[in-house]
Amino acid sequence: MMVRILLADDHHIVRQGLEFMIEDILGEFEIIHAASIQDIKEQFQTQALDFAILDAQLPDGNCLDILTEISQQFPEVKIMVFSSFDEEIYALRFIEAGADGFLSKLSSEEEIKTALVQLFKNGQYHSPLTQALLKIQQHQPNALNPLNQLSERELEIAKLYAKGFENLEIANELSIKQNTVSTYKKRIYDKLGIDKLIDLIDLMKKYHDY
């Protein structure tokens, strides 16, 4: 049975290296190449895919922006993100968005082959680190992402502060009173254990796209 695999990375050498490894694992297979988010969208729409191995960041955007949509539209396609992004910070974000696995580009050749074998055999790959993160998330979700402590409104206001909005601008943007914004700010800072805007910006950059 022919297995059809989409390899998405803007570096040809990365796609070629993965293809060489896949040759050692599978018998019959066909590789479909993509080098951009637009390529990924087009290939999902026009090809009957079995697997997709996607770099997280491509020249025209982040795969996180399209992952939920394609995973819901094509649930039969098993997707693994293969990225240089920090696994400890980003793995769960991609898995929650719909990926069936996350593999660091810093992994050894043996680890990459193990991941590919598990992906092709089981339709999923979770590294020991990702497994540990999933377990922590299940029992202590705030330990991994402090922003989980914030309510939807608090997160909305935190994002505006991180973008440089002042209290009055936030009040006008959300149609609330300025002193209400100040109250939210204190609540946000208390929950996150910070006292400076720069600390909030750092947390938003690390744990949330804003």
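Residues numbered from 1 in each chain as written. Predicted model: local features only at pLDDT ≥ 70, side-chain atom pairs only at ≥ 80, totals over all residues. Heavy atoms only, no water.

## Considerations on the nonpolar core
- With 27 residues, the main nonpolar core has Leu6, Ile40, Phe44, Leu54, Ile70 and Phe94 as its most contacted residues.
- Taken together, the elements giving at least two residues each to this core come down to β1 (3-8), β2 (29-34), α2 (37-46), β3 (51-54), α3 (64-73), β6 (78-83) and α4 (87-97).
- It is α3 that contributes the most residues to this core, four residues altogether.
- With residues up to four places along the chain from it excluded, the contact list for Ile70 reads Ile40, Phe44, Leu54 and Ile79.
- In this structure, Ala158, Tyr161, Leu174 and Met204 belong to the second largest nonpolar core, which totals 22 residues. (Core = buried A, V, L, I, M, F, W, Y, C linked by side-chain atoms within 4.5 Å. Buried < 20%, exposed > 50% of the residue type's maximum accessible area, 1.4 Å probe, protein only. Helix = DSSP H or I, 4+ residues; strand = E, 2+ residues; numbered from the N terminus. Contact = heavy atoms within 4.5 Å.)

## Topic: the sheet that holds β6
- Strand order across the open sheet formed by five strands is β2-β1-β3-β6-β7, with parallel pairing between neighbours. Two strands close off the open sheet at either side, each with one partner strand: β2 and β7 (101-104). Along the sheet, successive strands turn relative to each other by an average axial angle of 20°, direction set aside.
- As judged from the six bridges shared by β1 and β2, these two strands associate in the parallel manner. Counted as the bridge partner of Ala8 is Ala34 from β2.
- Its contacts with the sheet put helix α1 (residues 12-25) on β1, β2, β3 and β6, and the angle it makes with β2 is roughly 170°. (Pairing = 2+ DSSP bridges. Axes fitted to C-alpha atoms, helices over the stretch in contact; angles between N-to-C directions.)

## Quick word on empty space enclosed by the protein
- A full pass over the atoms with the stated rule returns one cavity of 30 Å³ or more.
- Approximately 40 Å³ is the volume found for the largest cavity.
- Lining the largest cavity are Leu7, Ala8, Asp9, Val14, Arg15, Leu18, Ile53, Leu54, Asp55 and Phe82.
- Breaking the lining of the largest cavity down by element, the ones donating at least two residues are β1, α1 and β3.
- The dominant element in the lining of the largest cavity, judged by the number of residues it contributes, is α1, at three residues. (1 Å grid on protein atoms, 1.4 Å probe; cavity = no way out; pocket = protein on both sides within 12 Å on 5 of 7 lines; lining within 4 Å. Points joined across faces, edges and corners; volume = space filled by probe spheres on them.)

## Section: the pairing of β7
- By the alternation rule, side chains of β7 split into Gly101 and Leu103 and Phe102 and Ser104, which are all buried.
- As paired elements, β6 and β7 share four bridges and run parallel to each other. Its bridge partner being in β7, Val81 is matched across the sheet by Phe102.
- Handedness of the β-α-β unit built from β6, α4 and β7 comes out right-handed. (Right-handed = clockwise from strand over helix to strand, strands pointing away.)

## Some points on the confidence of the model for the protein
- Per-residue pLDDT for the protein has a mean of 92; in total, 97% of the residues score no lower than 70.
- The secondary-structure element of the protein with the lowest mean pLDDT is helix α7 (residues 141-144), recorded at 64, while β3 shows the highest, at 98. (pLDDT = per-residue confidence, 0-100.)

## Let's talk about the environment of Lys41
- Within the secondary structure, Lys41 sits in helix α2.
- The exposure class assigned to Lys41 is partly exposed, which follows from its relative accessible area of 37%.
- Remark: the alpha-carbon pair of Lys41 and Ile66, spanning 25 residues in sequence, is separated by 8.3 Å.

## Observations concerning α4
- Glu87, Ala91, Leu92, Arg93, Phe94, Ile95 and Ala97 are the residues of α4 that are buried.
- N-cap assignment for α4: the residue whose side-chain oxygen lies 2.9 Å from the backbone N of Glu88 is Asp86.
- Looking at the residues trailing α4, positive phi occurs at Gly98, about 130°. (Polar contact = N/O pair within 3.5 Å; in protein donor to acceptor, adjacent residues only side chain to side chain.)

## A word on the packing of helix α10 (residues 178-192) against helix α11 (residues 197-207)
- Direction vectors running N to C along α10 and α11 enclose 65°, while the axes themselves pass 11 Å from each other. Classified by the angle between their axes, α10 and α11 sit roughly perpendicular to one another. Note that α10 runs across α11; the crossing there is left-handed. Side by side, α10 and α11 meet where Ile188, Tyr189 and Leu192 of the first sit next to Leu197, Leu200 and Leu203 of the second.
- Residues of the contact of α10 with α11, tallied by class, amount to six nonpolar, no polar and no charged. (Parallel < 35°, antiparallel > 145°, perpendicular 65-115°, else oblique. Left-handed = near helix turned anticlockwise from the far one by under 90°. Nonpolar A, V, L, I, M, F, W, Y, C, P; charged D, E, K, R; others polar.)

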